[in-house]
Amino acid sequence: MAQSALFVWEGTDKQGRKTKGEITSANPNLAKAELRKQGINATRVRKKAQMAGLSMGGSIKAADVALFTRQMATMMRAGVPLVQSFEIVADGLDKPKMRDLILAIRTDVAGGNSFASAIRKHPLYFDDLFCNLVDAGEQSGSLETMLDRIASYKEKTETLKGKVRKAMTYPIAVLLVAFIVSGILLIKVVPQFQSVFKGFGAELPAFTMFVIHLSEVVQAYWLLVVGAIVAAVVGFVAAHRRSKPMRDAIDRMLLRVPIIGGILEKSAVARYARTLATTFAAGVPLVDALNSVAGAAGNAVFTNAIYKVRDDVSTGQQLNFSMRNTGVFPNMVIQMVAIGEESGALDTMLDKAASYYEEQVDNAVDNLTALMEPIIMSVLGVLVGGLIIAMYLPIFQLGRVVGGH
């Protein structure tokens, strides 16, 4: 079947007024026929030009996939056929890349492929967990329920990621600003004071001399320092991407960092419980579900622990017992899993555990933000205030000398 594309059209409506717009169709002739059905006489239909190599309107993010899933779940619950649901959702999107992705999936499904096989062709946007859940929904005949469950899972996961990102980026961003402001003061402001101090003919305070020497070093080597920092960051990112042992070591180290480690641990537990609850409720066998969960853990320590749990469960051990053996999971989540296994409501208990730990992450991030604000203000005060005090010390001394005379 021909690939759908976006066409720009111009024409007249039933009253003879000139009008124009966009339409999705396989070719210009079909586009004209569709417009005629809507009472429009199209005089010009052409394919909308796409600028190759540019991310028209931005790249596709996980939040876009979550929104698409929620919209598809809503459409299907309303009784709209699957192929038509794709078209309606695509027409309502402003991001061209996302629209093209949905239309490509729609074309595959309209051509006789299943929804799951269509999205498997786009692994960059739909991971194995997403594909497996859609597949389970299609096999069981409850695709709309499954899409609703996946949408809830994606939304909660993205919210959790956002909170953790906020906890990590806020202090880094403020300290970066402090670093830039200090650099500007040392390169531009301190030399102005230095030229004034030359006319004093008196010995400058040790603190002022230290700042002046620091300013001279920064003026001479600031390009080298910035280049070294950029090279170090790029090198670190490249090494982190290529080296699994390095990623594992960093993940272990981050869990030991005060406050931040606690947030990362709680978010990993919340992600584990949320993912396992979603997959298990979808009817995915526990061992297969744990495979998907390991990939979504977000931390190497928990990923390795989940794989160990999977191996233990596959030999017949209870889930709560194998979780306890890893020494990674908190007692509370282990006890909730044990209650779930005993009562036959494992997915419900996991869902409650996920909600509890998501709330814990939320509170921890709020507490961290409240704690970091006075600390960051203190750091800014010491850095910027210290530089200003160093520059004004000689002026205060000169005032005292003049006053003494």
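Residues numbered from 1 in each chain as written. Predicted model: local features only at pLDDT ≥ 70, side-chain atom pairs only at ≥ 80, totals over all residues. Heavy atoms only, no water.

Trainee: Is there a simple way to explain the side chain of Arg271 in this structure?
Mentor: Note on placement: Arg271 falls in helix α10 (residues 260-281). For the buried Arg271, no salt bridge is present, and the opposite-charge side chain at shortest range is Glu158, 8.1 Å distant. Filtering out sequence-adjacent residues up to four positions away, Arg271 remains in contact with Leu160, Lys161, Ala296, Ala297 and Gly298. (Helix = DSSP H or I, 4+ residues; strand = E, 2+ residues; numbered from the N terminus. Buried < 20%, exposed > 50% of the residue type's maximum accessible area, 1.4 Å probe, protein only. Lys, Arg positive; Asp, Glu negative; His and termini not counted. Salt bridge = Lys/Arg side-chain N within 4 Å of Asp/Glu carboxyl O. Contact = heavy atoms within 4.5 Å.)

Trainee: Would you explain the packing of aromatic side chains in this entry?
Mentor: Both the distance between ring centres and the angle between the ring planes are used here to describe each pair of aromatic rings. Per the stated rule, a full pass over the model turns up eight aromatic pairs. For the pair Phe193 and Tyr392, a centre-to-centre distance of 5.5 Å together with 70° between the ring planes defines the contact as edge-to-face. Highlighted residues: Phe193 in helix α7 (residues 143-197) and Tyr392 in helix α15 (residues 346-404), separated in sequence by 199 residues. On the numbers, 4.7 Å between centres and 45° between planes, the contact of Tyr272 with Phe329 is tilted. Of this pair, Tyr272 sits in helix α10 while Phe329 sits in the loop between α13 (319-326) and α14 (331-343); the two residues are 57 residues apart in sequence, bridging distant segments of the chain. This pair shows no difference in class: Tyr272 is buried, exactly as Phe329 is. Through pairs of rings, three or more aromatic residues link up here, namely Phe68, Phe86, Phe115, Phe126 and Phe130. (Phe/Tyr/Trp six-rings, centres within 6.5 Å; stacked < 30°, edge-to-face > 60°.)

Trainee: Looking at this structure, I do not really get the layout of surface pockets. What am I missing?
Mentor: Think of a ball as big as a water molecule: rolled over the atoms, this probe shows where empty space is left. Within this model, the largest pocket holds a volume of roughly 1,200 Å³. Lining the largest pocket are 41 residues; nearest its centre among them are Lys161, Arg165, Arg271, Gly298 and Asn299. For the lining of the largest pocket, the secondary-structure elements that each account for two or more residues are α2 (62-77), α6 (128-140), α7, α8 (206-242), α9 (244-256), α10 and α11 (286-295). Residue contributions to the lining of the largest pocket peak at nine residues, all from α7. Grouping the constituent residues of the lining of the largest pocket by class yields 23 nonpolar, nine polar and nine charged. (1 Å grid on protein atoms, 1.4 Å probe; cavity = no way out; pocket = protein on both sides within 12 Å on 5 of 7 lines; lining within 4 Å. Points joined across faces, edges and corners; volume = space filled by probe spheres on them. Nonpolar A, V, L, I, M, F, W, Y, C, P; charged D, E, K, R; others polar.)

Trainee: Where do I start with the pattern of salt bridges in this structure?
Mentor: Here the idea is simple: oppositely charged side chains can pair when their charged atoms come close. Using the criterion set out here, one finds twelve salt bridges in the structure. A salt bridge links Arg44 to Glu10; its shortest N-O distance comes to 3.8 Å. Here Arg44, found in strand β3 (residues 41-47), pairs with Glu10, found in strand β1 (residues 5-12); they are 34 residues apart in sequence, far enough to count as distant. The residue Arg274 makes a salt bridge to Glu358 at a minimum N-O spacing of 2.9 Å. Note that Arg274 is positioned in helix α10 and Glu358 in helix α15, a separation of 84 residues in sequence.

Trainee: Teacher, can you tell me more about helix α12 (residues 300-314) here?
Mentor: Think of an α-helix as 3.6 residues a turn; residues three or four steps apart then line up on the same face. Taking 1.5 Å per residue as the helical rise, α12 with its 15 residues ought to reach 21 Å, and the 21 Å between its terminal C-alpha atoms agrees with that figure. Turning to α12, its buried residues number three or more, namely Ala300, Phe302, Thr303, Ala305, Ile306, Val309, Arg310, Asp312 and Val313. Buried-residue contacts for α12 involve α9, α10, α11 and α13. The N-cap of α12, judged by a side-chain oxygen 2.9 Å from the amide nitrogen of Val301 a few residues on, is Asn299. (Expected span 1.5 Å × (residues − 1). Polar contact = N/O pair within 3.5 Å; in protein donor to acceptor, adjacent residues only side chain to side chain.)

Trainee: Looking at this structure, I do not really get the nonpolar core. What am I missing?
Mentor: A general feature of soluble globular proteins is that nonpolar side chains tend to end up buried together. Judged by nonpolar contacts, the single largest core of 80 residues is most densely connected at Phe115, Leu319 and Phe329. Tallying contributions element by element places α15 first for this core, with twelve residues. In this view, Phe329 contacts Tyr272, Phe302, Ala305, Ile306, Val309, Met323 and Ile334; residues no more than four positions away in its chain are not counted. Core analysis: the second largest hydrophobic core is formed by eleven residues, Leu185, Phe193, Val211 and Met391 among them. (Core = buried A, V, L, I, M, F, W, Y, C linked by side-chain atoms within 4.5 Å.)

Trainee: It is not clear to me how a nonpolar patch on the surface should be interpreted in this structure. Could you clarify?
Mentor: A surface patch of nonpolar side chains, amounting to about 1,100 Å² of accessible area, comprises Leu176, Phe179, Ile180, Ile184, Val217, Tyr221, Leu224, Val225, Ile229, Val233, Phe236 and Val237. Here the nonpolar patch takes eight residues from α8, the largest share from any one element. Within the element layout of this structure, Val225 appears in helix α8. By relative accessible area, Val225 is classed as partly exposed at 42%. (Patch = residues over 30% accessible without salt bridge, like charges linked within 9 Å, V, L, I, M, F, W, Y side chains within 5 Å. Areas by Shrake-Rupley, 256 points an atom, 1.4 Å probe, with all protein chains shown as cover.)

Trainee: How do you make sense of the confidence of the model for the chain when you look at a structure like this?
Mentor: Any region with low pLDDT has predicted coordinates that should not be read closely. Considering every residue of the chain, the mean pLDDT works out to 82; 93% of them sit at 70 or more. Within the chain, the element-level pLDDT minimum falls on strand β2 (residues 18-25), averaging 76, and the maximum on α14, averaging 91. The low-confidence segment residues 50-57 (pLDDT under 50) makes nine contacts with residues lying over four places distant or belonging to another chain. (pLDDT = per-residue confidence, 0-100.)

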